[in-house]
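Next come the chains, spelled out residue by residue.
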Amino acid sequence: MSSHSDDEVEMMSDIELSSDEKSDEEDEVSLIVLKRPPAVVRTVQDVEVVEPGERRENGGATFTAKEKEGYVKEYIEQEGLGMLLSKELGLVLFHLDTVWMDGSPSKDERRAKERLAPGSEVSFLVRSFHGEEYKDLSEDKVVHQAVAVWFGIKPDKVLKVAMGEETTRRLEKHRKTFMLYIRGEVFMRVSLVRVMAEVAGYLTDDVGILEYKDDSRGKLNILFHTDHVKIYKKDIRHYKKPAKKVLPVGCLVSTDARSIHISGVKNIQYQAILVLAGDWPITPHPTLFPGGKGSKAPKYDVPKGDFTFYYLELALDSRLKRKVDQLKEVLAGSKGNITYDWRGVEYIRSKDQFLDWKESMGARMGGNRKPPGPREVMDVFKSVRMVEEEVAVRVVDREVENRTWYSPEAWEHGGLKLKEEIKEENCGGIPAKRVRKE
């Protein structure tokens, strides 16, 4: 029985272990004396998850660590206050002093504004403030505010800075400024929002009239300037042709317009803020706030009650007034009567001519049609409940204590040292296996 078992045992050659190697150096690794290494205390910063019951901050605020995506909607003022638009949150107030560039907070707001032109895609961290004081902003009495804005890779330490006292102070300052604008009613009301109109004629090479058909008031005239025209999302100067050629008389357009009364000028009821021929760009677009005198927006599903669309850029009013002054100069010789200049004008008189014009502008023919029915209004401060469902965090400082033998501080207590030969081999990559010679 035992002999049978011996037959099944396979005899193996000796296996040499690394510790079996002989060397002339007997002190490659030496244990001087076994003592416990000293404790090393370090201060580290952690991001701590806040329990759902603790998410509310002072002043009715909510903060989430999850980064959001959106784009720059418009700038309100030269000092840097502006608005982002997020599909999830709607409007998000921001300032250029919260922009990060090249991995650190930007110190050059002019350069930041150049990099983040309206329409630029960005990532951001957001805080939401809610309370009765924000009832003029949304039905939910909420305002979202970006604490950090960047593009590309998320910067290191952005969360720590976003939660800092200095950032909190700046946010409050910018928020108060924005609320002063709201209560002062300084933003431009939009009377007509994306209504259909037709190019009726040109008064000069750059100034023209749109004809808008109101259901109750009949045909109304809208003054426009070619500086405010976009054809298939591009400024009219992009086409390097006269406006009379690229935006023919008879062309159908969408327009945002404000009500005006021009002294000494007859039969002009509105001034175009924006004229769009073809597909709409994502920006510019008016913003919807509760209250106000109301806006006519037949293409949008506006909530019930009193709501009004506004453009928020403060400098827009002065630019439009200059265009009105140009009109007064043009009509000075005609006693305020509209007289069209037909020289060099192209016309669209049929559907076939309209399709030819679209093709000449580079429009995509065919494709998917937009779904029927009114559009959802995106340019609003949406409910804060979307933010509160995310994980909230805070940055905390804590001290950690650890002990290790592999530290110069521990050598005097018996810490382990790597022998020089091994260090040299590791510097050169993976060491070759050494063969022991008998």
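Structure shown above.
Residues numbered from 1 in each chain as written. Predicted model: local features only at pLDDT ≥ 70, side-chain atom pairs only at ≥ 80, totals over all residues. Heavy atoms only, no water.

**Looking at the overall build of the protein chain**
Per the secondary structure count, the protein chain includes ten helices and 20 strands. When the 438 residues of the protein chain are sorted by exposure, 42% land in the buried category. A separation of at least 24 residues holds for 70% of the contacts in the protein chain among residues at least 6 apart in sequence. Of the roughly 26500 Å² of accessible surface on the protein chain, 49% is carried by carbon and sulfur atoms. (Helix = DSSP H or I, 4+ residues; strand = E, 2+ residues; numbered from the N terminus. Buried < 20%, exposed > 50% of the residue type's maximum accessible area, 1.4 Å probe, protein only. Contact = heavy atoms within 4.5 Å. Areas by Shrake-Rupley, 256 points an atom, 1.4 Å probe, with all protein chains shown as cover.)

**Quick word on the pattern of salt bridges**
Side chains that differ in charge, positive against negative, can pair when their charged atoms come close. On inspection of all chains with the given rule, the structure shows 21 salt bridges. Of the charged contacts in the structure, one is a salt bridge between Asp205 and Lys244, with a shortest N-O distance of 3.2 Å. Taken together, the residues Asp205 in the loop between strand 11 (192-202) and strand 12 (207-214) and Lys244 in helix 5 (residues 243-246) connect sequence positions 39 residues apart. In this structure, the salt-bridge partner of Lys245 is Glu346, at a minimum N-O distance of 3.2 Å. Taken together, the residues span a long stretch of sequence, with Lys245 in helix 5 and Glu346 in the loop between helix 6 (316-330) and helix 7 (351-360) at a distance of 101 residues. A network of salt bridges, in which partner residues are shared, links Asp205, Lys244, Asp341 and Arg343. (Salt bridge = Lys/Arg side-chain N within 4 Å of Asp/Glu carboxyl O.)

**Some thoughts on the packing of aromatic side chains**
Applying the stated criterion to the full structure yields ten aromatic pairs. Residues Tyr202 and Phe224 carry aromatic rings whose centres are separated by 5.9 Å and whose planes lie at 70° to one another, so their mutual orientation is edge-to-face. Taken as a pair, Tyr202 in strand 11 and Phe224 in strand 13 (residues 218-225) lie far apart in primary sequence, 22 residues in all. By the ring-pair criterion, three or more aromatic residues cluster together here, those being Phe178, Tyr181 and Phe187. In this structure, Arg194 is placed above the aromatic ring of Trp280, and the distance from its NZ or CZ to the ring centre is 4.8 Å. The aromatic ring of Trp280 is capped on one face by Arg375, whose charged end is 4.1 Å from the ring centroid. (Phe/Tyr/Trp six-rings, centres within 6.5 Å; stacked < 30°, edge-to-face > 60°. Lys NZ or Arg CZ within 6 Å of the ring centre and 35° of its normal.)

**With respect to helix 4 (residues 165-184)**
Here helix 4 spans 29 Å end to end across 20 residues, near enough to the 28 Å set by a 1.5 Å rise per residue. Within helix 4 the residues assigned to the buried category are Thr167, Arg170, Leu171, His174, Arg175, Phe178, Met179, Tyr181 and Ile182. Structurally, helix 4 contributes buried residues whose contacts are with strand 4 (81-86), strand 5 (90-95), strand 8 (121-130), strand 9 (142-150), helix 3 (158-162) and strand 18 (287-290). (Expected span 1.5 Å × (residues − 1).)

**What about the nonpolar core?**
Counting 31 residues, the largest nonpolar core has Ile231, Leu247 and Val253 as the members making the most contacts within it. Only strand 11, strand 12, strand 13, strand 14 (229-231), helix 5, strand 16 (252-259) and strand 17 (270-277) provide two or more residues apiece to this core. With five residues, strand 11 is the single largest residue contributor to this core. Those residues within four positions of Leu247 in sequence are excluded, and the remaining contacts are Val199, Tyr202, Phe224, Val229, Ile231, Ile236, Val253 and Ala277. Core analysis: the second largest hydrophobic core is formed by 22 residues, Leu137, Phe178, Ile182 and Phe187 among them. (Core = buried A, V, L, I, M, F, W, Y, C linked by side-chain atoms within 4.5 Å.)

**A short note on helix 6**
In an α-helix, one full turn covers 3.6 residues, which means residues spaced three or four apart are oriented alike. In this model, helix 6 (15 residues) spans 22 Å end to end at C-alpha, consistent with the 21 Å of a helix rising 1.5 Å per residue. Looking at helix 6, one finds that the buried residues are Leu316, Leu320, Lys323, Val324 and Leu327. The arc that holds the buried residues of helix 6, viewed along the axis, is 100°, so those residues lie on one side. Against the buried residues of helix 6 lie strand 10 (188-190), strand 12, strand 13, strand 16, strand 17 and strand 19 (307-311). (Arc of directions from axis to C-beta.)

**Here's the deal with the layout of surface pockets**
If you add up the space inside the second largest pocket, you get close to 770 Å³. Taken together, 26 residues form the lining of the second largest pocket, with Pro118, Pro284, Glu313, Leu316 and Arg319 sitting closest to its centre. When contributions to the lining of the second largest pocket are tallied by element, the ones reaching two or more residues are strand 3 (68-75), strand 17 and helix 6. Element by element, the count of residues in the lining of the second largest pocket is highest for helix 6, at four residues. Looking at the lining of the second largest pocket residue by residue, the class counts come to ten nonpolar, three polar and 13 charged. (1 Å grid on protein atoms, 1.4 Å probe; cavity = no way out; pocket = protein on both sides within 12 Å on 5 of 7 lines; lining within 4 Å. Points joined across faces, edges and corners; volume = space filled by probe spheres on them. Nonpolar A, V, L, I, M, F, W, Y, C, P; charged D, E, K, R; others polar.)

**Observations concerning the sheet that holds strand 19**
Pairing is antiparallel across the open sheet formed by three strands, whose spatial order is 10-19-18. Two strands in the sheet have a free side with no partner beyond their single neighbour: strand 10 and strand 18. Neighbouring strand axes in the sheet, compared pairwise and without regard to direction, differ in orientation by 50° on average. As judged from the four bridges shared by strand 18 and strand 19, these two strands associate in the antiparallel manner. (Pairing = 2+ DSSP bridges. Axes fitted to C-alpha atoms, helices over the stretch in contact; angles between N-to-C directions.)

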